[in-house]
Amino acid sequence: MHLYYIFVLVQLLVLSDPLQRAVRRCPWGTLAAAAAVSLAMQAALCAQAMGRLTLPPLPVPPALCFVPWLVFYVGGAVLRHQIERGRVLPLRCGAGLSLVDAAAVLWTAKRIPAVRALSLRPDVTLYTFALFLLLWALFSRMGGVPRPLRAVSRLSFALYLSHPLVLRLWNEWTIRREPVIYLKLWQSYLMTAFGGLLIACVLSRLPFGTLLGGAPRHDKTITEGQNGKKNRDKTI
């Protein structure tokens, strides 16, 4: 079911050049505008789920348009811009925002059950982005991301696309058993995480694996080629 994100990603790639230019000229203004547009669209989707608003029929569902996802792309571009300029985010900023937004997510889930299943919600988006800021600030102070986490990060896109498949396969299998096996939340989490990582690892080994595996790994062939080029440059 998460293959929809490929459709969203294509739209953001088409808009990549103008968005990057806007970030270079006015990073925080561009982020503020992107956040306002994205959160407004997400609020509209929540209002529709609650029966308080009816969005006009569109050829493509609103969740498949770039608009609700714009803040994530622009936010990543702004952070990249700040790092290139040698600026480090304050750790307390991400920690404080994460706690406040986590409380907002729990409050919304309890008070407004109609939107509980929606992933495109302003409170969830703010929590996700704040947690990302916290991790970014933390690893910036560590001098880099630990190697195991780097390995997982290279597989994160394929993991995002594949982990619902693990749950779907489990559900299809267990409902045919007597009695049906019900997993606890932590058991479902571990099964989904390890199963998704296994699928992601397999996908990364296929010919198109670099498209789903994030930044390409610097294998021996690439390293030797780079060393050869450096030696030729020194000779010249």
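Every chain's residues receive numbers from 1 upward, in the order its sequence appears when written. The predicted origin of the model limits local features to residues at a pLDDT of at least 70 and limits the giving and counting of side-chain atom pairs to 80 or more, whereas totals for whole chains, interfaces and linings rest on all residues. Side-chain metrics in this entry use all non-hydrogen atoms of the structure; hydrogen atoms and water are not considered.

Okay, the overall build of the protein chain next. Secondary structure assignment for the protein chain yields eleven helices and zero strands. For helices the rule is a DSSP run of H or I covering at least 4 residues; for strands it is a run of E covering at least 2, with both sets numbered from the N terminus onward. Ordered by position from N to C terminus, the α and β elements of the protein chain give α-α-α-α-α-α-α-α-α-α-α. Contacts are assigned to residue pairs with any non-hydrogen atoms lying within 4.5 Å of each other. Considering only contacts in the protein chain between residues 6 or more positions apart, those separated by 24 or more positions represent 79%. Throughout, the Shrake-Rupley method with a 1.4 Å probe supplies accessible areas, and for residues the shown protein chains are the sole cover considered. Here the protein chain displays about 16000 Å² of accessible surface, and carbon together with sulfur accounts for 68% of that area.

Our next topic: the packing of helix α3 (residues 27–49) against helix α6 (residues 122–142). Here an angle of 0 to 180 degrees is reported between the N-to-C directions of two axes, which are lines fitted to C-alpha atoms, with helices fitted over the stretch in contact. The N-to-C vectors of α3 and α6 enclose an angle of 140 degrees; their axes lie 9 Å apart at closest approach. With respect to their mutual orientation, α3 and α6 come out oblique. Listed contacts from α6 to Leu39, Gln42, Ala43 and Cys46 of α3 are Pro122, Thr125 and Leu126. When its residues are assigned to classes, the contact of α3 with α6 shows five nonpolar, two polar and no charged. Oblique is the label for any angle not covered by the other classes, which are roughly parallel (under 35 degrees), roughly antiparallel (over 145) and roughly perpendicular (65 to 115). Classification convention: Asp, Glu, Lys, Arg as charged; Ala, Val, Leu, Ile, Met, Phe, Trp, Tyr, Cys, Pro as nonpolar; all other residues, Gly among them, as polar.

The omega torsion of the bond from Glu178 to Pro179 falls at 5 degrees, within 30 degrees of zero and hence cis. Among the secondary structure elements, Pro179 is positioned in the loop between α8 (156–174) and α9 (185–204).

A few words on the packing of aromatic side chains. Put simply, two rings from Phe, Tyr or Trp (the six-membered ring, in Trp's case) pair if the centres are within 6.5 Å, and we call them stacked under 30 degrees between planes, edge-to-face over 60, tilted for the rest. Counted according to the given criterion, the structure contains eight aromatic pairs. Plain terms: the ring middles of Tyr4 and Tyr5 are 6.4 Å apart, the flat faces sit at 90 degrees to each other, and that makes the pair edge-to-face. Assessed through its relative accessible area of 21%, Tyr5 is described here as partly exposed. Considering the side-chain rings of Tyr5 and Phe157, the 6.0 Å spacing of their centres and the 65 degrees angle between planes classify their relative orientation as edge-to-face. Of the two residues, Tyr5 is situated in helix α1 (residues 4–14) and Phe157 in helix α8; the sequence distance between them amounts to 152 residues. Three exposure classes are used, based on accessible area relative to the maximum for each residue type with a 1.4 Å probe and protein chains only: buried under 20%, partly exposed in between, and exposed over 50%.

Think of a 1 Å grid over the protein atoms and nothing else: a 1.4 Å probe that fits but is trapped marks a cavity, an open set flanked by protein within 12 Å on at least five of seven lines marks a pocket, and residues with an atom within 4 Å of a point count as lining. Grid points are joined across faces, edges and corners, and a volume is the space filled by probe spheres set on the points. Here the largest pocket defines a volume of roughly 2800 Å³. Together, 50 residues line the largest pocket, and Tyr5, Thr128, Phe132, Ser156 and Phe157 are the ones closest to its centre. Breaking the lining of the largest pocket down by element, the ones donating at least two residues are α1, α2 (16–25), α4 (70–84), α6, α7 (147–154), α8, α9 and α10 (209–212). Element by element, the count of residues in the lining of the largest pocket is highest for α6, at eleven residues.

Let's shift gears to the nonpolar core. One recurring pattern in soluble globular proteins is that nonpolar side chains are buried together. Counting 15 residues, the largest nonpolar core has Val23, Leu31, Leu70, Val74 and Val78 as the members making the most contacts within it. Contributions of two or more residues to this core are made by α1, α2, α3 and α4. Of all the elements, α4 adds the most residues to this core, at five residues. Filtering out sequence-adjacent residues up to four positions away, Leu70 remains in contact with Leu12, Leu19, Ala34 and Ser38. Grouping buried Ala, Val, Leu, Ile, Met, Phe, Trp, Tyr and Cys residues that are joined through side-chain atoms within 4.5 Å yields what is termed a nonpolar core.

A helix is expected to reach a length of 1.5 Å times the quantity of its residues less one. When the terminal C-alpha atoms of helix α5 (residues 91–111) are compared, their 31 Å separation across 21 residues agrees well with the 30 Å that a helix rising 1.5 Å per residue should span. For α5, the complete set of buried residues consists of Gly94, Ser98, Asp101, Val105, Thr108 and Ala109. One side of α5 carries all its buried residues, which in axial view fall inside an arc of 100 degrees. Of the exposed residues in α5, the ones pointing more than 90 degrees away from its buried face are Arg92, Leu99, Val100, Leu106, Trp107, Lys110 and Arg111. This arc describes the spread of directions from the helix axis toward the C-beta atoms.

What follows concerns a nonpolar patch on the surface. What goes into a patch is any residue over 30% in relative accessible area without a salt bridge, connected to like charges within 9 Å or, for nonpolar side chains (Val, Leu, Ile, Met, Phe, Trp, Tyr), within 5 Å. Any Lys or Arg side-chain nitrogen located within 4 Å of an Asp or Glu carboxyl oxygen qualifies as a salt bridge. Judged by side-chain polarity, Leu91, Leu131, Leu135, Leu138 and Met142 come together as a nonpolar surface patch covering roughly 380 Å² of accessible area. With four residues, the single largest contributor to the nonpolar patch is α6. Here Leu131 shows up in helix α6. Since its relative accessible area comes to 31%, Leu131 is described here as partly exposed.

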